[in-house]
Amino acid sequence: MNQYDYIIVGSGIAGLYTALLAKEQGSVLIITKGSIDDCNTKYAQGGIAAAIGKNDSLELHFKDTIAAGDGLCDEGAVHILVDEAPDRITDLVNFGVPFDTLDGEIALTREAAHSVPRILHAGGDATGEHIEVTLSNQVRSSKIQVLEDCLTTEIWVEKGKARGVKAFDCHTGSMEEFECRFLILATGGAGQLFKFNTNSDVATGDGIALAFRAGVEIVDMEFFQFHPTALRLPGVTPFLISEAVRGEGGILRNIEGHRFMPDYAPEGELAPRDVVARSILYEMEKTGSDRVFIDITHLSPYVTTTRFPHIYRFCLDHGLDITKGLVPVAPAAHYTMGGIKTNSWGETNIAGLFAAGETACTGVHGANRLASNSMLEVLVFSKRIMERTRKEIKPKAPTTSESVKAHHSLSQRQVTKVVPAPSLSALQQLHWDKVGIIRDKQSLTEAADTLSAWQESLPQPTDRPSYELNNLVLTGRLVTEAALLRKESRGAHFRSDFPKSLPQWQRHITFTRSK
Ligand code: SIN
């Protein structure tokens, strides 16, 4: 048996940053299903939010985060997030992350629903990549052990405590067991549930599925954030067109050239993400088109090419010069706001088991994540996991601030039809069509029945794609069943049959495996 103080599953910013802190406290193994560089972090363009600007304050960052979360943020967790942000930024600078500067100060940009420019960025629009490369270089030159191409398939729980994991070697097909004192899931989100998404192909809900099977509480799964603007070109995988493009003055136009956002929201292009995503959808429907456009032709080519070099280059490689022409965009699934329920120390309801990053739900995002709060959440709460585990402690169960909780198990639906196991593309189409930006009882029921039947028909996994498909089906069921239960609209969850927020639904939906 291989024994470590810390086992960290995943190698995005959450896994790498946690590992770099953990190595000061004990032996560390990172297990990752691909290579150390396969992760979602490197696709993050916008940046990291922190109240470090002259006209900013912790209180203002707190208020913006709470307002975006639409009644479901955990206020205590949000205070921790914004208060600890400046120190965590300093940590990243010390790790060597080269944030962009202007006149000798860290440069800040604006994104939707932030009252002031507050977003730090690196390499213009390559913030995630810079962080990932900086941290992975540090990990590579450290004593941290990294097991690549190894997929975690089971959490080993004994007497109510996480003891380690079983992992599948994707090359040899063999299974191995690893033991630890502290297990940290840092596996990212589940954007691959949806046909159109901005995520890397590793985002298959692995941590959420693993944790659920192990008896961990999973919360807020109905809140899936759709980014309003992903490049929409035939045959091209959706590519994020950062919100910062609108923050720097980008204008949304429909195919008739009309600037439509002021028709929907006083904040125009910088209205909250869910509002912009739905407005785009309505415009697409109204004009019979599968896209709208971002117009930045009024910005100087120098600004566009230096501030957004990746976006500029990617579009140019696909025949579009965005300094001269409009950028075709449409919404795409972007961020899993729900996930493994943790307290403000990253602890789950199973002793010794922690979660960090997109796979976790710390309560800071509520029903709608404020742009660029996610990498910040990683830094703040990973650090707290390390503080918590510094000395052997008796972990306590997570506490939440909501007044009413709804606990549910995920039972099999009464479906008589026998269906063949799904393909990944069928699963993604189903979620896009039935569990997408606008949902209703009928679409969600159809999806829930199909997913339940698919779950029954899935064969025993034998390789990485089949393990991932199993995880996606389970994660998709959690999203869909939660969306069916929540009979209101709030934040990113919009039900056309219940279009308003209702006070009785100011509560969380939590799932646990039935015993
Ligand atoms: C973006 O650059 O628009 C994405 C930032 C985020 O999702 O926080």
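Cut-offs used in this document
Residues numbered from 1 in each chain as written. Predicted model: local features only at pLDDT ≥ 70, side-chain atom pairs only at ≥ 80, totals over all residues. Heavy atoms only, no water. Phe/Tyr/Trp six-rings, centres within 6.5 Å; stacked < 30°, edge-to-face > 60°. Helix = DSSP H or I, 4+ residues; strand = E, 2+ residues; numbered from the N terminus. Buried < 20%, exposed > 50% of the residue type's maximum accessible area, 1.4 Å probe, protein only. Lys NZ or Arg CZ within 6 Å of the ring centre and 35° of its normal. Axes fitted to C-alpha atoms, helices over the stretch in contact; angles between N-to-C directions. Parallel < 35°, antiparallel > 145°, perpendicular 65-115°, else oblique. Left-handed = near helix turned anticlockwise from the far one by under 90°. Contact = heavy atoms within 4.5 Å. Nonpolar A, V, L, I, M, F, W, Y, C, P; charged D, E, K, R; others polar. Pairing = 2+ DSSP bridges. Near = heavy atom within 4 Å. Polar contact = N/O pair within 3.5 Å; in protein donor to acceptor, adjacent residues only side chain to side chain. Areas by Shrake-Rupley, 256 points an atom, 1.4 Å probe, with all protein chains shown as cover. Salt bridge = Lys/Arg side-chain N within 4 Å of Asp/Glu carboxyl O.

Draft legend 1. Local environment of the packing of aromatic side chains. Across all of its chains, the model carries 12 aromatic pairs by this definition. With 5.4 Å between their ring centres and 35° between their planes, Tyr6 and Phe182 make a pair best called tilted. Of this pair, Tyr6 sits in strand 1 (residues 2-9) while Phe182 sits in strand 11 (residues 175-185), and the two are 176 residues apart along the sequence. There is no split in this pair, since Tyr6 and Phe182 are both buried. Taking the centre distance of 5.0 Å and the plane angle of 70° together, the rings of Phe196 and Trp432 count as edge-to-face. You can see Phe196 sitting in the loop between strand 11 and helix 5 (206-213) and its partner Trp432 sitting in helix 12 (residues 424-434), a full 236 residues away along the chain. Here the two residues Phe196 and Trp432 agree in accessibility, since each one is buried. Connected via pairs of aromatic rings, a cluster forms that spans Phe194, Phe196, Phe224, Phe226 and Trp432. One residue, Arg232, lies across the ring of Phe196, its end atom 3.9 Å from the ring centre. Just above the ring of Trp345 sits the side chain of Arg384; from NZ or CZ to the centre is 3.9 Å.

Draft legend 2. Highlighting the packing of helix 2 (residues 58-69) against helix 3 (residues 75-95). The geometry of helix 2 relative to helix 3 is characterised by a closest axis approach of 9 Å and an angle of 140° between their N-to-C directions. Considered as vectors, helix 2 and helix 3 are oriented oblique to each other. Regarding helix 2 and helix 3, the two cross each other, and that crossing is right-handed. Across from Leu58, Glu59, His61, Phe62, Thr65 and Ile66 in helix 2, the residues of helix 3 making contact are Glu75, Val78, His79, Val82, Asp83 and Pro86. In the contact of helix 2 with helix 3, the residues fall into six nonpolar, three polar and three charged.

Draft legend 3. Just the pairing of strand 15 (residues 292-295), in detail. Of the two faces of strand 15, the one lined by Val292 and Ile294 and the one lined by Phe293 and Asp295 are each fully buried. Pairing analysis gives three bridges linking strand 14 (residues 251-253) to strand 15, with the strands arranged antiparallel. In the strand pairing of strand 15, Ile251 is matched with Asp295. Alignment of strand 15 against strand 16 (residues 327-336), held across three bridges, turns out to be antiparallel. Directly across from Ile294, in strand 16, lies its bridge partner Val327.

Draft legend 4. The arrangement of the site of the ligand in detail. Near the ligand you find Gln45, Gly46, Glu111, His227, Leu240, Ser242, Glu243, Arg273, His334, Arg369, Ala371 and Ser372, and these make up its full shell. His227 is positioned such that a nitrogen or oxygen atom in its side chain is 2.7 Å from an oxygen atom of the ligand. Burial of the ligand by the protein chains amounts to 94% of its free accessible area of 260 Å². Of the residues belonging to the shell around the ligand, the class tally is two nonpolar, six polar and four charged.

Draft legend 5. Fine view of the pattern of salt bridges. Summed over the entire model, instances satisfying the criterion amount to 30 salt bridges. Between Lys166 and Glu154 there is a salt bridge whose closest N-O contact spans 3.7 Å. Residue Lys166 is located in strand 10 (residues 161-169), and its partner Glu154 is located in strand 9 (residues 150-158); the two are separated by 12 residues in the primary sequence. What emerges from the salt-bridge pattern is a single network uniting Lys33, Asp206, Arg464 and Glu468.

Draft legend 6. View of the sheet that holds strand 7 (residues 119-120). In spatial order, the strands read 3-7-6; together these three strands make up an open sheet with antiparallel pairing. Lying at the two open borders of the sheet, with one neighbouring strand each, are strand 3 (48-49) and strand 6 (108-109). With two bridges joining them, strand 3 and strand 7 adopt antiparallel strand pairing. From the neighbouring strand, Ile48 faces strand 7, where its bridge partner is Leu120.

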